[in-house]
Amino acid sequence: MKELFFDAARFDAFRKTKRFGSLDGLRCLSVLAVLWHHSGLNVDCALFHRGQLGVHLFFAISGFLITSLLIRESEQYGEISLSKFYMRRSLRIFPLYYAVLLVYVIVVAVMEQGSSAGERFFGNLPAYATYTSNWFVDLVSNDRVIFYFAWSLAVEEQFYLTWPWIERFARPLTKMTLLFGLMGIVMANHFNLLHNILPADSVGHRILWSIAPCILFGVLIAHLIHTRSGFAALNALFGRYWSAPTTLLTVVVVASIEPGGQIWEYVVYLCLAALVVSCVIREDNGLSRMLHLRPLVRMGTVSYGIYLMHMLCFNASRILGAGIGVENAWALWISGVLMTYIVAELSFATFERYFQDRKSRLARS
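Calculation rules
- Residues numbered from 1 in each chain as written.
- Predicted model: local features only at pLDDT ≥ 70, side-chain atom pairs only at ≥ 80, totals over all residues.
- Heavy atoms only, no water.
- Core = buried A, V, L, I, M, F, W, Y, C linked by side-chain atoms within 4.5 Å.
- Buried < 20%, exposed > 50% of the residue type's maximum accessible area, 1.4 Å probe, protein only.
- Helix = DSSP H or I, 4+ residues; strand = E, 2+ residues; numbered from the N terminus.
- Contact = heavy atoms within 4.5 Å.
- Disulfide = S-S within 2.5 Å.
- 1 Å grid on protein atoms, 1.4 Å probe; cavity = no way out; pocket = protein on both sides within 12 Å on 5 of 7 lines; lining within 4 Å.
- Points joined across faces, edges and corners; volume = space filled by probe spheres on them.
- Nonpolar A, V, L, I, M, F, W, Y, C, P; charged D, E, K, R; others polar.

Quick word on the nonpolar core
Here's step 1: By size, the foremost hydrophobic cluster in this structure holds 101 residues, and its most contacted members are F64, Y97, Y128, F147 and L308.
Here's step 2: No other element matches helix α13 (residues 262-280), which puts 12 residues into this core.
Here's step 3: Beyond its immediate sequence surroundings of up to four residues, L308 is in contact with L96, Y97, V100, Y104, F149 and L153.

Section: the state of the cysteines
Cysteine pairs can be linked by a disulfide, which is a covalent bond between their two sulfur atoms.
Here's step 1: Taken as a whole and assessed by the stated rule, the structure comprises zero disulfides.
Here's step 2: In this structure C271 is not part of a disulfide, and its nearest cysteine sulfur, from C214, lies 10.0 Å away.
Here's step 3: Sulfur of C279: no disulfide; nearest cysteine sulfur belongs to C28 and is 13 Å away.
Here's step 4: Using a relative accessible area of 0% as the deciding quantity, one classes C279 as buried.

Overview of empty space enclosed by the protein
Here's step 1: Taken as a whole and assessed by the stated rule, the structure comprises one cavity of 30 Å³ or more.
Here's step 2: Along the walls of the largest cavity sit L91, R92, P95, L96, E352, F355 and Q356, which together make up its complete lining.
Here's step 3: At the level of secondary structure, the elements contributing two or more residues to the lining of the largest cavity comprise α4 (82-111) and α18 (351-360).
Here's step 4: The leading source of residues in the lining of the largest cavity is α4, at four residues.

Some remarks on the layout of surface pockets
Here's step 1: Quantified by volume, the largest pocket comes out at close to 1,800 Å³.
Here's step 2: R27, L65, L69, R89 and K359 are the residues nearest the centre of the largest pocket, which is lined by 49 residues in total.
Here's step 3: Secondary-structure elements contributing two or more residues to the lining of the largest pocket are α1 (8-16), α2 (23-37), α3 (53-77), α4, α7 (150-169), α15 (294-301), α16 (303-324) and α18.
Here's step 4: Ranked by the residues each element gives to the lining of the largest pocket, the list is headed by α3, at 14 residues.
Here's step 5: Grouping the constituent residues of the lining of the largest pocket by class yields 22 nonpolar, 12 polar and 15 charged.
Here's step 6: Estimated volume of the second largest pocket: approximately 960 Å³.
Here's step 7: Together, 31 residues line the second largest pocket, and L139, V140, W151, W209 and S210 are the ones closest to its centre.
Here's step 8: At the level of elements, α2, α3, α6 (133-136), α9 (203-209) and α13 are the ones that each hand at least two residues to the lining of the second largest pocket.
Here's step 9: Here the lining of the second largest pocket is built from residues that sort into 18 nonpolar, 10 polar and three charged.

This is the structure in C-alpha cells:
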C-alpha cells in the first residue's frame, strides 16, 4: 500500500532536478502580492486585503528550497559545508541589505529630521543592523515605522542561522523530533496556550511568535519529498497535472474569506505550502507555462531587490507625482512598481552581480 502511488520515474526525475523551474514564477507572485499590500489602494474584496500572504508564500519556498539543497549536498558529499553555505548566503544577502539600509539612514537623516518617525528609525537601527527587528521593533502600533518590512528578512536570516546546523549535525530522527517539537511550541504560542509561561510583552513570546509556520512547513515538505514513502504520499495528493492550478485556486478561495483567527491562518499557511509542493513535485505541472513566462521569471529572479527597495521607489514615485501634479493613486502605484523593477534590475546587473560572481565560486561542483 505504501508503494501504491509511488512513481519511480517521477521520483528519479525529482531527485535529478537541479533547478525547480516554477519557483521564480512563484516568487514573482509573492512579491507582487507584497507590492499590492503596500500600495495603499483600497478594493472592497477580502482577497485584496491579504497581500501580506505573499511574504508567507516566500517563507514556504525558502524553507523548502534551502532544506532541499542541504539534503542533496549531504547525500552527494556525505556532509554539509556550513562555512560555504554561510559564505554563499552572506554574499547574496548582506551587501544589498546593508547598502539599502545605508540609503535609508541618509534619506531619513535628510527628510525626517526632527520627526518622531525619524527618531524611532534611528532608535530601531541596531535591531535592523542585527536582523532582530522582528523581536525588538514594535510593528503593531499605529505609529509609522520606517523600514518595518525588514521583519521578514530577520525571520529568514534567523532561519539561516539555526536550521542548517541541525541539518548538518542531527540524526534524521532527531531532526524530525526537533521540527515537530518546534511546530508544537510555535502553534501553542500562536493559540495563546503559553500565556502563563510567556506573557505577551515578553521577549520569549515575541521570538516564538516570529517563527514563521510556513518556513517550518517548507522544511517538513523538503524532508518528506526526498523519501520514497513521503514522495508517494505527496505525489498522490499533489502529483497530478491539474494539482497546481487547483491548489492555487484553493489558496485564492481561502484567502478571500475573512480571517477567522489563528486556526484559519494555519489553513491558509498549509494551502501555501501545498502550492509549493504541487509546483516542485513535477516540472510539467499545470501552472508551469504561466510560471515560466519570461516577465514572471525575471521579476522572481530580482525579487530580493524589489522587496528591499520598493518602499523607497514608492515614496519617490509619490514625490515625483506631486511635483508634476499627478494624484491618481493607481497611476502612482503603477509608476512605483515600474520604478522598483527598473532599479532592482540595475542593482542585480551591477552591484549584486559583483557578489554573485564570487558566490558562484563557492558552489560545490
